[in-house]
Amino acid sequence: MSSLFGSSGATPDMAARKEQMKQSIQQELAIANAQQLINKINENCFAKCISKPSTSLTSSQETCLSQCMSLYMAAFDQVSRSYVSRISKERGAAPGIGL
Amino acid sequence: MSAAGIPQLDEASKKELEVFLEQEQAKAKLQASIHELTNTCWNTCITGSISSKFSKTEAQCLENCVDRFLDSSLFIVKQIEAQKQQL
């Protein structure tokens, strides 16, 4: 996190500094989110595609992995859409019992 | 997380950053729930072997999965509420 607060030579004015911090925070979170997705894909697609680990990946295992990756991402998109729409629906129906 | 340790920023800026951080943390929490739910729904719905696209039943299952998961969650809470009142 040192990049967040480290001096970068010139002294930018406070607003620029603030924006820079915000951007760094958003970037860190985006990276963490992507890592989480990659970990989940690996976990689940390994389980689906590599039933018997041998000395190297076979081409059919590689095909399975790449298909599995796009399917997992499609599932992630579907879940995101359903979840977000459900949350906004619940909020509309019962304001105050937000998630 | 407090922004007290950040030097060279006035109070208003610190406050603004704290609010910003809270919003970002809420977003991260939402994203974490989506990761968990995707994992759960994947394991529940994708039972066959992997091909280039989902089967019809798998796609249908994924579409319903989140809503039924949240329905279950609400149902369980209601059930517990009801049991509490019987005591």
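Residues numbered from 1 in each chain as written. Chains lettered and ligands numbered in written order. Predicted model: local features only at pLDDT ≥ 70, side-chain atom pairs only at ≥ 80, totals over all residues. Heavy atoms only, no water.

Draft legend 1. View of the confidence of the model for chain A. Residues and elements named next belong to chain A. Of the residues in chain A, 82% reach a pLDDT of 70 or more, and the chain-wide mean stands at 86. Per-element mean pLDDT across chain A ranges from 51 in helix α1 (residues 2-5) up to 95 in helix α3 (residues 59-93). Contacts of residues 6-10 to residues separated by more than four positions or lying in other chains number zero contacts, the stretch itself having pLDDT below 50. (pLDDT = per-residue confidence, 0-100. Helix = DSSP H or I, 4+ residues; strand = E, 2+ residues; numbered from the N terminus. Contact = heavy atoms within 4.5 Å.)

Draft legend 2. Looking closely at the state of the cysteines. Residue and element names in this part refer to chain B. The final tally for this structure, using the stated rule, is four disulfides over all chains. A disulfide bridge connects Cys 45 with Cys 61, and the sulfur atoms are separated by 2.0 Å. Between Cys 45 and Cys 61, the disulfide has an S-S torsion of -70° and is therefore left-handed. With a gap of 16 residues between them, Cys 45 in helix α1 (residues 11-45) and Cys 61 in helix α2 (residues 56-86) connect regions that are remote in the sequence. Taking the relative accessible area as the measure of exposure, Cys 45 reaches 4% and is therefore buried. A relative accessible area of 27% places Cys 61 in the partly exposed class. Indicated for chain B is the disulfide connectivity 1-4, 2-3, based on numbering the bonded cysteines in sequence order. Look at chain A and number its bonded cysteines as they come in the sequence; the links are 1-4, 2-3. (Disulfide = S-S within 2.5 Å. Buried < 20%, exposed > 50% of the residue type's maximum accessible area, 1.4 Å probe, protein only.)

Draft legend 3. Structural detail: the interface of chain B and chain A. Contact with chain B, which involves 41 residues of that partner, is made by 33 residues of chain A. The junction of chain B with chain A conceals about 3,600 Å² of combined surface from both sides, 68% of it contributed by carbon and sulfur atoms. Considering only the surface of chain B that becomes buried against chain A, His 35, Trp 42 and Ile 50 of chain B emerge as the three largest contributors, covering 20% of it. Linking chain B with chain A are five salt bridges, by the criterion used here. Lys 22 of chain A is paired through a salt bridge with Glu 16 of chain B; the nearest N and O atoms lie 2.7 Å apart. Linking chain B with chain A are eleven residue pairs in polar contact (both at pLDDT 80 or more). Looking at the side of chain B that touches chain A, the elements with two or more residues in it are α1 and α2 of chain B. Here the side of chain B that touches chain A gets 21 residues from one element, more than from any other, and that element is α1 of chain B. (Buried area = accessible area lost by both parts, 1.4 Å probe. Salt bridge = Lys/Arg side-chain N within 4 Å of Asp/Glu carboxyl O. Polar contact = N/O pair within 3.5 Å; in protein donor to acceptor, adjacent residues only side chain to side chain.)

Draft legend 4. Fine view of the packing of aromatic side chains. Within the structure shown, the criterion is met by two aromatic pairs over all chains. Judged by centre distance (5.0 Å) and plane angle (55°), the rings of Tyr 72 of chain A and Trp 42 of chain B are tilted. Separated into two different chains, Tyr 72 of chain A in helix α3 and Trp 42 of chain B in helix α1 make up a pair that spans both. Accessibility classification places Tyr 72 of chain A together with Trp 42 of chain B in one group, the buried group. Among the aromatic side chains, those forming a connected cluster through ring pairs are Tyr 72 of chain A together with Trp 42 and Phe 54 of chain B. (Phe/Tyr/Trp six-rings, centres within 6.5 Å; stacked < 30°, edge-to-face > 60°.)

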